[in-house]
Amino acid sequence: MSYATATTAAAVCAPPQPAAVPTAAPTAAAPHQPRDRSSWLRFSPAQPLFRARAAQRLAVLAYHGITDPRSFGAQLDRLRRLATPVSVQDVERSLAEGRPLPPRSVLVTFDDPDRTVLRHALPELVARRIPAAAFVIAEVVGTEQPFWWHEAAFLARHGGRARLLPRGGDPARVLALLKALPDPDRRRSLAELRVSASRRPPAQEQLRPEDLRALREADVTVGNHTLGHPSLRRCDEATVQAEIAGAHRALTRWLGEAPSAFAYPDGGFDERADAVLRQLGYRLGFLSDHRLGPRLPAHPLRISRLQVDSTTSTRRFDTILSGLEPAVQRLLGAQA
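These remarks concern the structure in this document. Keep in mind it's a predicted model, so treat the numbers as computed, not measured.

### Remarks on the overall build of the protein
Item 1. Regarding its fold elements, the protein presents 13 helices and 9 strands.
Item 2. In the protein, which comprises 336 residues, the share counted as buried stands at 50%.
Item 3. Considering only intrachain contacts with a sequence separation of at least 6, the fraction spanning at least 24 residues in the protein is 73%.
Item 4. Working note: accessible area of the protein is about 16,400 Å², and carbon and sulfur atoms make up 53% of it.

### Here we look at the packing of aromatic side chains
Item 1. As enumerated under the stated definition, the model contains 9 aromatic pairs in all.
Item 2. For the pair Trp148 and Trp149, a centre-to-centre distance of 5.9 Å together with 85° between the ring planes defines the contact as edge-to-face.
Item 3. Taking the relative accessible area as the measure of exposure, Trp148 reaches 9% and is therefore buried.
Item 4. For Trp149, a relative accessible area of 15% puts it in the buried group.
Item 5. Grouped by ring-pair contacts, the aromatic residues Phe262, Tyr264, Phe269 and Tyr282 constitute a single cluster.
Item 6. Lying over the aromatic face of Trp148, Arg186 brings its terminal NZ or CZ to 4.6 Å of the ring centre.

### Some words on the pairing of strand β4 (residues 132-136)
Item 1. Burial analysis of β4 places 5 of its 5 residues in the buried class, the great majority of the element.
Item 2. Burial of β4 is two-sided: the residues Ala132, Ala134 and Val136 facing one way and the residues Ala133 and Phe135 facing the other way are all buried.
Item 3. Pairing of strand β3 (residues 105-111) with β4 involves 4 bridges; the strand directions are parallel. Its bridge partner lying in β4, Val108 is registered against Ala132.
Item 4. Handedness of the crossover joining β3 and β4 through helix α5 (residues 115-128) is recorded here as right-handed.
Item 5. Relative to strand β5 (residues 220-224), β4 runs parallel, the two sharing 5 bridges. Across the sheet, residue Ala133 finds its bridge partner in β5, namely Thr221.

### Comments concerning the nonpolar core
Item 1. Membership of the largest hydrophobic core comes to 39 residues, with the highest contact counts inside it found for Leu61, Tyr63, Leu79, Phe110 and Leu212.
Item 2. The contact partners of Tyr63, leaving out residues within four places of it in the chain, are Phe72, Gln75, Val108, Thr109, Phe110, Asp111, Val308, Asp309, Ser310 and Phe317.
Item 3. Counting 19 residues, the second-largest nonpolar core is a separate cluster that includes Ala153, Val174, Leu181 and Leu190.

### Structural notes on the pattern of salt bridges
Item 1. Following the criterion strictly, the structure yields 26 salt bridges and no others.
Item 2. For Asp211, the salt bridge is made with Arg115, and the minimal N-O distance between the two is 2.7 Å. In this pair, Asp211 is assigned in helix α9 (residues 209-217) and Arg115 in helix α5, connecting sequence segments 96 residues apart. The exposure classification of Asp211 matches that of Arg115, with both residues buried.

### Here we look at the environment of Leu287
Item 1. Here Leu287 lies in the loop between β7 (284-286) and β8 (293-294).
Item 2. Separated by 20 residues in sequence, Leu287 and Gly267 have C-alpha atoms that sit 4.8 Å apart.
Item 3. Beyond its immediate stretch of four places on either side in the chain, Leu287 contacts Tyr264, Gly267, Gly268, Phe269, Arg302, Ile303 and Arg305.

### A few points about helix α8 (residues 183-196)
Item 1. With 14 residues, α8 extends 20 Å from end C-alpha to end C-alpha; this agrees with the ideal 20 Å at 1.5 Å per step.
Item 2. Among the residues of α8, Asp183, Arg186, Ser189, Leu190, Glu192 and Leu193 are the ones counted as buried.
Item 3. On its buried side, α8 packs onto α6 (148-157), α7 (171-180) and α10 (237-255).

### Concerning the side chain of Asp211
Item 1. A relative accessible area of 6% means that Asp211 is categorised as buried.
Item 2. Of the polar contacts made by the side chain of Asp211, one reaches the side chain of Arg115; its length is 2.7 Å.
Item 3. Residues within four places of Asp211 in sequence aside, it is in contact with Arg115, Leu118 and Gln206.

### Some remarks on unusual backbone geometry
Item 1. Here the phi dihedral of Asp219 falls at roughly 75°; this positive angle occurs in a residue that is not glycine.
Item 2. Relative to the helices and strands, Asp219 is located in the loop between α9 and β5.
Item 3. Using a relative accessible area of 41% as the deciding quantity, one classes Asp219 as partly exposed.
Item 4. Located in the positive-phi region is His290, a residue other than glycine, with phi close to 55°.
Item 5. Within the element layout of this structure, His290 appears in the loop between β7 and β8.
Item 6. Taking relative accessible area as the criterion, His290 reaches 12% and is therefore assigned buried.

### Some details on the packing of α9 against α10
Item 1. Closest axis-to-axis distance for the α9/α10 pair is 9 Å, and the angle between their directions is 75°. One way to sum up the angle between α9 and α10 is to call them roughly perpendicular. Residues Pro209, Leu212, Arg213 and Arg216 of α9 form the contact with α10, whose own contacting residues are Leu251, Trp254 and Leu255.
Item 2. Considering only residue class, the contact of α9 with α10 consists of 5 nonpolar, no polar and 2 charged.

Rules used throughout
- Residues numbered from 1 in each chain as written.
- Predicted model: local features only at pLDDT ≥ 70, side-chain atom pairs only at ≥ 80, totals over all residues.
- Heavy atoms only, no water.
- Helix = DSSP H or I, 4+ residues; strand = E, 2+ residues; numbered from the N terminus.
- Buried < 20%, exposed > 50% of the residue type's maximum accessible area, 1.4 Å probe, protein only.
- Contact = heavy atoms within 4.5 Å.
- Areas by Shrake-Rupley, 256 points an atom, 1.4 Å probe, with all protein chains shown as cover.
- Phe/Tyr/Trp six-rings, centres within 6.5 Å; stacked < 30°, edge-to-face > 60°.
- Lys NZ or Arg CZ within 6 Å of the ring centre and 35° of its normal.
- Pairing = 2+ DSSP bridges.
- Right-handed = clockwise from strand over helix to strand, strands pointing away.
- Core = buried A, V, L, I, M, F, W, Y, C linked by side-chain atoms within 4.5 Å.
- Salt bridge = Lys/Arg side-chain N within 4 Å of Asp/Glu carboxyl O.
- Expected span 1.5 Å × (residues − 1).
- Polar contact = N/O pair within 3.5 Å; in protein donor to acceptor, adjacent residues only side chain to side chain.
- Axes fitted to C-alpha atoms, helices over the stretch in contact; angles between N-to-C directions.
- Parallel < 35°, antiparallel > 145°, perpendicular 65-115°, else oblique.
- Nonpolar A, V, L, I, M, F, W, Y, C, P; charged D, E, K, R; others polar.

Fair warning: the whole summary comes from geometry, so function is off the table for now.
See the structure below:
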C-alpha cells in the first residue's frame, strides 16, 4: 500500500459517533488503566486494509520493562492467534538464504532490559514458546546503578544543577536537553547533577551475567545496546567505537559467544556505528522508528521496529501491529 493510500485511509479514521445518552457524572477510570485514546482506530475501515498489508511485512516489537504481566500475556496471546512469532536466528537464516520470513512474522524485543523482563516477561514467553531478544546496556550489568535517564530525572527533582542546564528545570526538559548535548557534555552535566543534588537516587538492581545466560537458555537472544546508552549521533568517532566494542567484549565474556544483534540506543541509524558493527561481524541491527519492515530486510543493520508497552490494550495493540496507528502518527506529525 502506498503512502498516498495510507494517507487517504487515515483521513477516514474518525472515531464512530456514539448514540446520545443522558448526561451523567463521569465514571472514574479503573486504577492503572489509562484511557486508550487511539483504540478507536480499530473501528476504522482502513484497519482491514492495513492488516492485509501487514501480513506481508515483518513486525519487530520493541518493549522496555514489563509493568503489567497480565496485559503482556494477553498481547502474546494475540500474537499466537494473529501472527507467526520468529527469533533472531530465524531472521538471520532468512537473510543468509535470501528467503523471506513467513507471512505475519513478528519478533519480540526488549531494550534496556531490567529485572522485570526476567521476572515477568520471561515466564509469559516460555509458557507460550515465543522467542525474543533483549538488548543489554553492558555498563550496568551486575550493578545496582539506575539507568542514567532515571538518575538524571531524580537528581533534577532534588535540586541538581549543571552549568549547561536551566536551574530548577522540569525533569522532562532536563532529560531532553541532556540527550541533545554532545556526549562529553552529557556526562559532565550528569556528574554535576550528582554533586549538587540534595539526595542520591535509590539503587536499582540490574540483571547479572548469570541472568543473561538464563535468558539465552530460554530462547531470548542477548544483544548489544552499547556500554552506557549514549546517543551515538552525539558521540565522536572514538566514543562510538568504544561504546559498541566495549559492550561487545563484555557480552562475549559473559555469554561465551559473540553477540550478533545490535539495537541503536537512540533509535536512529548512524553510519559510523554501522561500520563498527560490520567489523565486529554483527548480522542484525535494529532501529526504533515505529514502522513495519519487509519480510526479507533490505538493510540487515537497519531493521525497523514498532514501539509498544506492556500496558497497551489489545485493541490498540492490534492497530500498532497492523501499522495503522504508526501511519496515522506519521501523518499527524507531518501536518503539525
